[in-house]
Amino acid sequence: MRALLMLGIAGMALASAAAAKDKPKDAPATPPDVVRVGKDPWPSQYKPYPAQVTVIRGATIYDGAGHRIDNGMIRLEGGKVAEIGQTVGVPDGARLIEAQGKYVTAGIIDIHSHLGVYPSPAVDANSDGNEATSPARPEVWAEHSVWPQDPGFSRALAGGITAMHVLPGSANLFGGRGVTLKPVYGRSVQEMKFPGAPYSLKMACGENPKRVYGSRNQMPSTRMGNIAYARQLWSDAVAYKRRWDDYTKRAEAGTAKPSDAPRRELALDTLTGVLNGEILVENHCYRADEMANMIAMSKEFGYRITAFHHAVESYKLADTLKAEGICSAMWADWYGFKMESFDGIRENIALVNAAGACAIVHSDDENGIQRLNQEAAKAMAAGRRLGLPIAPELAWTWLSLNPAKGLGIADRTGSLEVGKAADVVLWSAEPFSVYARPMRVWIDGALLYDWGDPKRRPTADFELGQPGAGDVK
Amino acid sequence: MKRLAITLLLAGAALPAAAAPIAITGATIMTARGETVIEGGTLVFDNGRITAVGKDVAAPADATVIDGRGRILTPGIIAAASDLGIAEVNGVRETNDGSARQSPFSAALDLSTAINPRSIHIAISRMAGITRAAALPDAAGGIFGGQGALISLSASGPTLTRGRALQYMELGETGGRIAGGSRPAAFAQLANMLAEAQRLALNPAGFDRGQDSGSLAKRLDAEALALVIDGRQPLLVHVERASDIKELLKLKARYPALRPVLVGAREAWLVVGEIARAGVPVITHSLYDLPDSFESLAASRNNIGVLHAAGVTVAIAPLGGIGGTSPINLPSYAGNAVAQVLVPGGKGLTRPQALAAITANPARILGLADTGTLEVGKRADLVLWDGDPLELMSAPVAVWIDGAAQPMTSRQTELAQRYKALGRTDLPLQYPR
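Colleague: Summarise the overall build of chain A; cite the residues concerned and give the values.
Modeller: Along chain A, the regular secondary structure elements total 12 helices and 16 strands. Relative to the 2.2 N^0.38 estimate, which gives 23 Å for 473 residues, the radius of gyration of chain A is 23 Å and therefore close to what a compact globule would have. With the C-alpha coordinates of chain A rotated into their principal frame, the extents come out at 70 × 55 × 50 Å. Burial analysis of chain A (473 residues in total) assigns 60% to the buried set. Sequence-distant contacts in chain A: of pairs separated by 6 or more residues, those separated by 24 or more amount to 69%. Accessible surface, chain A as shown: approximately 17700 Å² in total, 52% of it carbon and sulfur. If the 53 positive side-chain charges of chain A are averaged to one point and the 53 negative ones to another, these points end up 2 Å apart.

Quick look at the structure:
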C-alpha cells in the first residue's frame, strides 16, 4: 500500500504514457495498471520573463562553443538566439545595442555551487548543505534545502552566471541530489529550476567522509572504508533495480498487481536513476589515484561518472579522463589548504584541456562564482606559460559549453547557437581582463541585470531594509 | 658593461646580492610612490639597495644591465596578512602553527619561533611577485592571538625581517565567541588585559602581588601588551561591524599611544569619517560584497574606494572569507579595485593607487619603512612583469629581494613539468626530476 500512497501524479502520467506507447498489437483494451517511480515529481515552475527582440552590434563574440566573431552581431528573439554572425537582420522595433569595443559571450554556467544551501548569512540556522547523519544519503535533494532568498544569487547574476548546479556538500560518500537552477529569484525553488535539466548524484571520495564519520568512530574512517561502504550500497542498488525491473516486466505483461510493486526506497531510487543513466554522477574527488578507484567502481556496477569536481590532480590522469569521457570541474589555483589538495598546480585546467579531456572551471564558492571569467583567465595564462597555446574563445568553453555538457543541458544552453536559449552576457571589456565587468545579462532573452539601471539589479528579501540594500556591489 | 639575459638569472638557486650594481633599463617603472609612473626609466640597485631610479638615469659603467623594455617594474608585493611560513597544510593541524586553542598564553605567543623558510608556499608566492609578508596568528584561546612576524620570501634569506612586529586581536562575533559568548565579554577581556599591561609597565616588580585572583592576565601576556599600549607595536584588530569599529576607536582616548589597525572592516565605509579622523589604517579585501554574517550586512566592493577617498590608508590583503584567498592573487585583487570604478556608482582606486594598496600601504602600516616603493635607499625588492602587473594573465619574469635574484621555480612547477607529457615510458613518471 505504501508504494501506492507514495506514487505521485507525475508517476501516474508516465505510467499511462509508457503503457500506451509500448502497447502490443493484441493487448487488452484497458492498459495494465503499472506502478512506476515518478522521474520528476517536483517539476520546474520557472517561466522566462518577458523578452524584447534585441540586437547587439559591433561586439567581439565568444560563442561558448570555441568560436570567435570579431565585430559581430547577434539577435535575441523569443528567448532564443535567433541569428548570430557578422551581420544579422534587425527587425523593426528591435532594441539595438551598439557594442563596439565590448564583448558578448555565452552566459557562464557554474557546475558546482552551494548557493541557497549554504546561503548568506552563513549562520548555523541557514546551514543546510550536508545531511551528515549517515555516509549515504542519496535520498536527500539539495533543492529542498535551497533558500531562494540567498543574496548570493544576485551577486552570481551580476557576475554573468546564467545557470548553476547546486549540490549537497561532501561530508557523505553519497551526498544527495544536485539541482540545476537559474539565478532568477523566485518565491519557491521550483520557480528557479532549469526546466528539464537532469538531476545529479553528488558523490565524494577522500578525506571528508572518512574524517566526518571516522571522528564519530563510525564507518568509514579510512579510504578503504569509503570504497567498501560505497560498493555495498551500489550492490544494494543493483538488487533494488532488479526487483523493480522484474516487477515492471511482470506488471506490463499483466501478471503483477499494483500491490506487488516493491517498497520504494528513496535512497535507492536515486542510485537506480544513476544506473539507468538518467541521473548524472558529479563526484567530488581531489587525487588522481582516487579518481581511478572511482572509475573502477563505476565499471564494477555499471554506471557512468559525468564529472570529477575539484579534481586538483586531474593533470595526472588527463589521458584516462579523456578516454573515459569524464569532465573535470576545477579551480584555477586553489591548492594546499588540505592534504588532498597539496599537489594542486596552476596548470591543471590547461593540461586537462591539452590532453583533449573536458575541462570546466567551477567555483564551489559564493565569491568565486561572481568571477569565473577571472579564474579561466588565470588558467589560460598558466597554460600559455607552460607552452600550451589556448585561444580565449576556446577557454570560454570551460565556462559555458563544457559545464552545460556536464549538466546534460548542452542541447538548450551553453553556447550562442541559433535555437539555443538567449543566455548572454555583454562585457565592458575583454572578459579575461581584470578590468572587465558584466554590463548586462540576459536569461532566456530577458534582460535581468543591467549595471547602469538599479531597476535591473535584484535585492533579495533578506537585504531589504538592511544597511547594504541597494548599494552597488 | 655586462648584459645578462633574464633567463640566465632565473636558472638555479637564488643568487646572493651581486657585488656589482645591476641596472634595469627601459622599463615602465611603477614606483608606488604617489601616482608616479616613469616610462622608459632606469633603476639601479647595488648591495641590496636601490641607488638610482628615474628617466634619465645612466647605468653605471660596472653595472650588469637588464633590458626592461616592454616590461613593467614594481616594488615587491607585500602580503599584509598571511599564514606564510607558519602553516604548510592549513587543514593538517600538526603543520599549522597559526592558532593555539589549548595554550595558557595568548598575547605572548611569538610567531617568529615557528617560521619555516622552506615552506613550499614561500617559493610559490615568491614566483608570483610576493617579496614580504606579515605572518599573522589566529586568536583562539583568548581575544589576543599573539605577535605576528614580518618575513622576507627570499630563497637566500634571511627570512625573518622582524619578529614581534605587531599584535593581533579579535573583536566582533569571533572575539565575542572566544571571550565567552558576547561582545561585552570581549571588551571586558580587552579592558582587563590592557589595564594589566599598564599596571605591569608602571610597576613591573609589583605586578604579581596586585593581581586579581583568577585573572586572565599572565605576566608574559601583559609584557607583550605593554608594547601595544605604548605604541611600539601596532594592534591589528579583526573587526567588521560599523558599531564595533566605533567602539574600538574609543580606546584611543584611554590609551593615546595605541596604534590600532582595522582588519576585515567590511562595514568601515559606514563610519569612514570616524576612521579618517582617528588616523587609523585599514587592511581589507577588495572582493567582500556579501552579507555573509550579521556583522557584514553592509559589505560592498566600494568599501576601499570610499575609505581611500576619505584619506584612510588602505592595504588589500588575502584575508579569509573569500574562497581560495591567496597571496599569489594579490595583484588581481588590486586590479578588481580598479575595475570597481567602471561600474556606475562604483568607487575604487586608480592603477597606481591599487598597486600602492599591495606595496607602499602595507609597508607603511606594518612599519616596513625601507620597502614598498621604488625610491633611492629602499631595499631592492623588485618585480619585473611581462605585462600590467594587476592583470590576471600577467606574471613576473624576474624577482629580486634585497637585491638577490630569486629562483623562478617551485614544487608546483616541478609537478607541472613531471606530468606535462603523460604516458608510459621506460620508467615510471616518478623517476625523472
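Colleague: Could you give me a rundown of the pattern of salt bridges, with the residues and numbers involved?
Modeller: Residues and elements named next belong to chain B. Scanning all chains against the criterion turns up 50 salt bridges over all chains. The partner of D381 in a salt bridge is R132, with the nearest N and O atoms 2.6 Å apart. Highlighted residues: D381 in the loop between helix 12 (360-366) and strand 15 (382-385) and R132 in strand 8 (residues 130-135), separated in sequence by 249 residues. Accessibility assignment for this pair places D381 and R132 in one class, buried. Ionic pairing is found between E375 and K378, a salt bridge with its closest N-O pair at 3.7 Å. E375 sits in the partly exposed class, given a relative accessible area of 23%.

Colleague: Report on the packing of helix 4 (residues 183-202) of chain B against helix 5 (residues 219-229) of chain B, specifying residues and quantitative values.
Modeller: Residues and elements named next belong to chain B. Interhelical geometry of helix 4 versus helix 5 gives an angle of 90° and a closest axis separation of 8 Å. Taken together, the axis directions place helix 4 and helix 5 in an arrangement best described as roughly perpendicular. The segment helix 4 lies against helix 5, with M193, L194, E196, A197, Q198, L200 and A201 engaging R219, D221, A222, E223, L225, A226 and I229. Broken down by class, the residue content of the contact of helix 4 with helix 5 amounts to nine nonpolar, one polar and four charged.

Colleague: Account for the sheet that holds strand 14 (residues 314-316) of chain B, with residues named and values stated.
Modeller: All names here are of chain B. Pairing within the open sheet is mixed, and its eight strands lie in the order 7-8-9-10-11-12-13-14. Here the strands that pair on one side only, and so sit at the sheet edges, are strand 7 (77-82) and strand 14. Each strand of the sheet is rotated relative to its neighbour by a mean of 25°, with strand direction disregarded.

Colleague: Before we move on, can you summarise the environment of G302 of chain A with the specific residues and values?
Modeller: Residues and elements named next belong to chain A. When you line up the elements, G302 lands in the loop between helix 7 (288-301) and strand 11 (307-310). Residue class for G302 comes out partly exposed when judged on its relative accessible area of 47%. With 124 residues separating them along the chain, G302 and L426 place their C-alpha atoms 43 Å apart.

Colleague: Go over the nonpolar core, please, and point to the residues and values.
Modeller: Core analysis: the largest hydrophobic core is formed by 220 residues, its most contacted members being W234 of chain A together with I275 of chain B. A total of eight residues in this core trace back to one element, the largest contributor, which is helix 5 (residues 223-252) of chain A. The residues touching W234 of chain A, leaving out its near neighbours within four places in the chain, are F174, L201, M203, L271, V274, L275, M297, F301 and Y303 of chain A.

Colleague: Got a sec to walk through the interface of chain A and chain B? Specific residues and values, please.
Modeller: On the chain B side, the residues contacting the 54 residues of chain A number 59 residues. Both faces considered, chain A and chain B share a buried interface measuring about 4900 Å² in area, 60% of it formed by carbon and sulfur atoms. The largest per-residue losses of area from chain A upon contact with chain B belong to Y335, Y435 and R437 of chain A, which jointly make up 15% of the total buried on that side. At the surface where chain A touches chain B, the tally comes to one salt bridge. Across the salt bridge formed by R411 of chain B and D343 of chain A, the nearest N and O atoms sit 2.6 Å from each other. Inspection of the region where chain A meets chain B yields 20 residue pairs in polar contact (both at pLDDT 80 or more). Tallying contributions element by element places helix 10 (residues 372-385) of chain A first for the side of chain A that touches chain B, with seven residues.

Colleague: Lay out the side chain of T31 of chain B in plain terms, naming residues and giving numbers.
Modeller: Residues and elements named next belong to chain B. With respect to the element layout, T31 can be found in the loop between strand 2 (22-30) and strand 3 (37-46). A distance of 3.1 Å separates the side chain of T31 from the backbone nitrogen of R33, its partner in a polar contact. With residues near it in sequence (within four places) discarded, T31 still touches T36, I38, P75, G372, T373 and L374.

Colleague: Hey, could you go over the sheet that holds strand 10 (residues 280-285) of chain A for me, with residue numbers and the actual values?
Modeller: Residue and element names in this part refer to chain A. In spatial order, the strands read 6-7-8-9-10-11-12-13; together these eight strands make up an open sheet with mixed pairing. Single-partner strands in this sheet number two, and they are strand 6 (108-113) and strand 13 (359-361). When strand polarity is set aside, the average angle formed by the axes of neighbouring strands in this sheet is 25°. Direction of pairing for strand 11 relative to strand 12 (residues 327-330): parallel, over a ladder of four bridges.

Colleague: Requested: an account of helix 2 (residues 120-127) of chain B, with residues and values cited.
Modeller: Residues and elements named next belong to chain B. Within helix 2, seven of the eight residues are buried, which leaves the element mostly enclosed by the surrounding structure. Buried within helix 2 we find I120, H121, I122, A123, I124, S125 and R126. Packed against the buried residues of helix 2 are strand 8, strand 9 (144-152), strand 16 (396-401) and helix 13 (411-419). Remark: G129 follows helix 2 within two positions and exhibits a positive phi of approximately 100°.

Colleague: For the side chain of H309 of chain A, give the residues involved together with the corresponding values.
Modeller: When you line up the elements, H309 of chain A lands in strand 11. Here H309 of chain A is in contact with I111, H112, L167, E282, N283, H284, C285, A329 and H362 of chain A, once residues within four sequence places are set aside.

Colleague: Kindly report on the packing of helix 3 (residues 172-179) of chain B against helix 4 of chain B, identifying the contributing residues and their values.
Modeller: Packed helix pairs are characterised by how far apart their axes lie and by the angle those axes make with each other. Residues and elements named next belong to chain B. The geometry of helix 3 relative to helix 4 is characterised by a closest axis approach of 7 Å and an angle of 75° between their N-to-C directions. Judged on the interaxial angle alone, helix 4 and helix 3 are roughly perpendicular. In this structure, helix 3 uses G172, E173, G175, G176 and A179 to contact helix 4, whose residues at the interface are R183, A185, A186 and Q189. The class makeup of the residues in the contact of helix 3 with helix 4 is three nonpolar, four polar and two charged.

Colleague: Lay out the state of the cysteines with the relevant residues and their values.
Modeller: Residues and elements named next belong to chain A. This structure, assessed with the given rule, holds two disulfides over all chains. Between C205 and C285 runs a disulfide, and the two sulfur atoms are separated by 2.0 Å. Taken together, the positions of C205 in the loop between strand 9 (200-204) and helix 4 (207-214) and C285 in strand 10 put the pair 80 residues apart, joining distant regions of the chain. By the burial criterion, C205 is buried, and C285 matches it. Shown here is the disulfide that connects C327 with C358, its sulfur atoms set 2.2 Å apart. For the disulfide bridge between C327 and C358, the dihedral angle about the S-S bond is near 90°, and by the sign convention the bridge is right-handed. Pair noted here: C327 is in strand 12 and C358 is in the loop between helix 9 (348-354) and strand 13, with a separation of 31 residues, a long-range link. By relative accessible area, which is 19% here, C358 ends up buried.

Rules used in this analysis
Within any chain, residue numbers begin from 1 and follow the written order of that chain's sequence. Labels follow written order: the first chain is A, the first ligand is 1, and so on. Under the rules for a predicted model, residues below a pLDDT of 70 receive no local features and side-chain atom pairs below 80 are neither given nor counted, while totals for whole chains, interfaces and linings still include all residues. Side-chain calculation: all heavy atoms of the structure are included, whereas hydrogens and water are not. In DSSP terms, a helix is any run of H or I states spanning at least four residues, a strand is any run of E spanning at least two, and both are numbered starting from the N terminus. Our radius of gyration is a C-alpha quantity, and the globule rule it is checked against amounts to 2.2 Å times the number of residues to the power 0.38. Exposure classes here rest on a 1.4 Å probe applied to the protein chains alone. A residue is buried below 20% of its type maximum, exposed above 50%, and partly exposed in between. For this analysis, residues touch if any pair of their heavy atoms sits within 4.5 Å. Note on areas: Shrake-Rupley with a 1.4 Å probe; residue coverage comes only from the protein chains shown. The convention is simple: Lys and Arg are positive, Asp and Glu are negative, and His and the chain ends are not counted. For charged residues, the charge sits on one atom: NZ in Lys, CZ in Arg, CG in Asp, CD in Glu. Salt bridge, as used here, is a side-chain nitrogen of Lys or Arg placed within 4 Å of a carboxyl oxygen of Asp or Glu. Lines fitted to C-alpha atoms define the axes, with helix axes restricted to the stretch in contact, and inter-axis angles between N-to-C directions lie between 0 and 180 degrees. Here roughly perpendicular refers to angles of 65 to 115 degrees, roughly parallel to angles under 35, roughly antiparallel to angles over 145, and oblique to all remaining angles. Ten residue types, Ala, Val, Leu, Ile, Met, Phe, Trp, Tyr, Cys and Pro, are classed as nonpolar, four, Asp, Glu, Lys and Arg, as charged, and the remainder, Gly among them, as polar. For two strands to count as paired, DSSP must find a minimum of two bridges between them. The nonpolar core is taken to be a set of buried Ala, Val, Leu, Ile, Met, Phe, Trp, Tyr and Cys residues, with the residues joined through side-chain atoms within 4.5 Å. The term buried area refers to how much accessible surface (probe radius 1.4 Å) is lost by two components on association, counted for both of them together. Two N or O atoms count as a polar contact when they lie within 3.5 Å, although within protein this holds only if one can serve as hydrogen donor and the other as acceptor, and sequence-adjacent residues are included solely when both atoms are side-chain atoms. Throughout, disulfides are identified as pairs of cysteine sulfur atoms within 2.5 Å of each other.

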